[in-house]
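# What the coordinates show
Letter by letter, the chains look like this.
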Amino acid sequence: MLFALPALCGPPLLDHSAASLLRLLLLAPLLEEWIMRAGLQEWLMRRRLHAALVLGLPALAFGLLHVAAGWQAVAAVFLPGLAFGLIYRRWRDWRLCALVHALCNGFALSFCSFSTY
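Parameters and conventions
- Residues numbered from 1 in each chain as written.
- Predicted model: local features only at pLDDT ≥ 70, side-chain atom pairs only at ≥ 80, totals over all residues.
- Heavy atoms only, no water.
- Salt bridge = Lys/Arg side-chain N within 4 Å of Asp/Glu carboxyl O.
- Axes fitted to C-alpha atoms, helices over the stretch in contact; angles between N-to-C directions.
- Helix = DSSP H or I, 4+ residues; strand = E, 2+ residues; numbered from the N terminus.
- Parallel < 35°, antiparallel > 145°, perpendicular 65-115°, else oblique.
- Left-handed = near helix turned anticlockwise from the far one by under 90°.
- Contact = heavy atoms within 4.5 Å.
- Nonpolar A, V, L, I, M, F, W, Y, C, P; charged D, E, K, R; others polar.
- Disulfide = S-S within 2.5 Å.
- Buried < 20%, exposed > 50% of the residue type's maximum accessible area, 1.4 Å probe, protein only.
- UniProt positions renumbered as here; feature names shortened; annotations may be inferred.
- Lys, Arg positive; Asp, Glu negative; His and termini not counted.

The name given to the protein in an unreviewed UniProt entry is JDVT-CTERM system CAAX-type protease, with the source organism recorded as Massilia antarctica.

Following this line, the structure appears as structure tokens:
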């Protein structure tokens with residue numbers, strides 16, 4: 001678990017300025033889920049591709065959006081990306097995915113605020 005802490009608690013999650021909180025809790029979840037779910041995943045679903053591709057490609061793309069924070073960050077957000085994809089597949093509402101994404105970011109902010117390593 002210690003190897004994941006730097007990836008999980010990088011500078012964006014340690015900056016508690018109003019601008020950073022707005023970006024992490026509102027802008028990133030809305031924009032990323034709109035692009036990944038309403039855009040890419042919906043496009044893949046309409047082509048009736050295999051479920052592994054429909055869920056895996058957007059999760060991989062979601063991970064790659066975080067590559068600036070390092071490859072550990074890409075790996076750390078891959079599973080949540082799959083979960084957001086499953087939510088979208090079930091309810092077809094990217095806004096629900098954005099809400100869950102914002103909650104995950106809030107959890108990460110809380111975790112990083114109270115963690116000592």
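### A look at the pattern of salt bridges
As enumerated under the stated definition, the model contains four salt bridges in all. With a closest N to O distance of 3.0 Å, arginine 95 and aspartate 93 form a salt bridge. Salt bridges here are not isolated pairs; linked through shared partners, they connect Glu42, Arg46 and Arg92.

### Focus on the packing of helix 3 (residues 18-46) against helix 4 (residues 51-64)
The interhelical angle for the contact between helix 3 and helix 4, taken along N-to-C directions, is 150°, at an axis separation of 9 Å. With respect to their mutual orientation, helix 3 and helix 4 come out roughly antiparallel. Of the two elements, helix 3 crosses helix 4, and the hand of that crossing is right-handed. Along the contact surface, helix 3 presents Glu32, Glu33, Met36, Arg37, Leu40, Gln41, Leu44 and Met45, while helix 4 presents Leu53, Val54, Leu55, Leu57, Pro58, Ala61 and Phe62. A breakdown of the residues in the contact of helix 3 with helix 4 according to their chemical character gives 11 nonpolar, one polar and three charged.

### Quick word on the state of the cysteines
Tallying each qualifying case throughout the model produces one disulfide. Paired by a disulfide, cysteine 9 and cysteine 112 hold their sulfur atoms 2.1 Å apart. Taking the sign of the S-S torsion, -85° for the link of cysteine 9 and cysteine 112, the bridge is left-handed. Of this pair, cysteine 9 sits in the loop between helix 1 (5-8) and helix 2 (11-14) while cysteine 112 sits in helix 6 (residues 94-114), placing them 103 residues apart in sequence. Of the two residues, cysteine 9 and cysteine 112, both sit in the buried class. Not engaged in a disulfide, the cysteine cysteine 97 finds its nearest cysteine sulfur in cysteine 104; these two sulfurs lie 11 Å apart. Judged by its relative accessible area of 34%, cysteine 104 is partly exposed.

### A short note on the UniProt feature "domain: CAAX prenyl protease 2/Lysostaphin resistance protein A-like" (unreviewed entry) in the protein
As recorded in UniProt, the feature "domain: CAAX prenyl protease 2/Lysostaphin resistance protein A-like" (unreviewed entry) lies at residues 18-106. Between the end C-alpha atoms of residues 18-106 the distance is 14 Å, and the span holds 87% helix and 0% strand.

### Re the side chain of glutamate 32
Mapped onto the fold, glutamate 32 is located in helix 3. Of the buried charged residues, glutamate 32 lacks a salt bridge, with arginine 23 as the closest side chain of opposite charge at 6.8 Å. Sequence-distant contacts of glutamate 32, defined by excluding residues within four places in its chain, comprise Arg37, Phe62, Leu65, His66 and His101.

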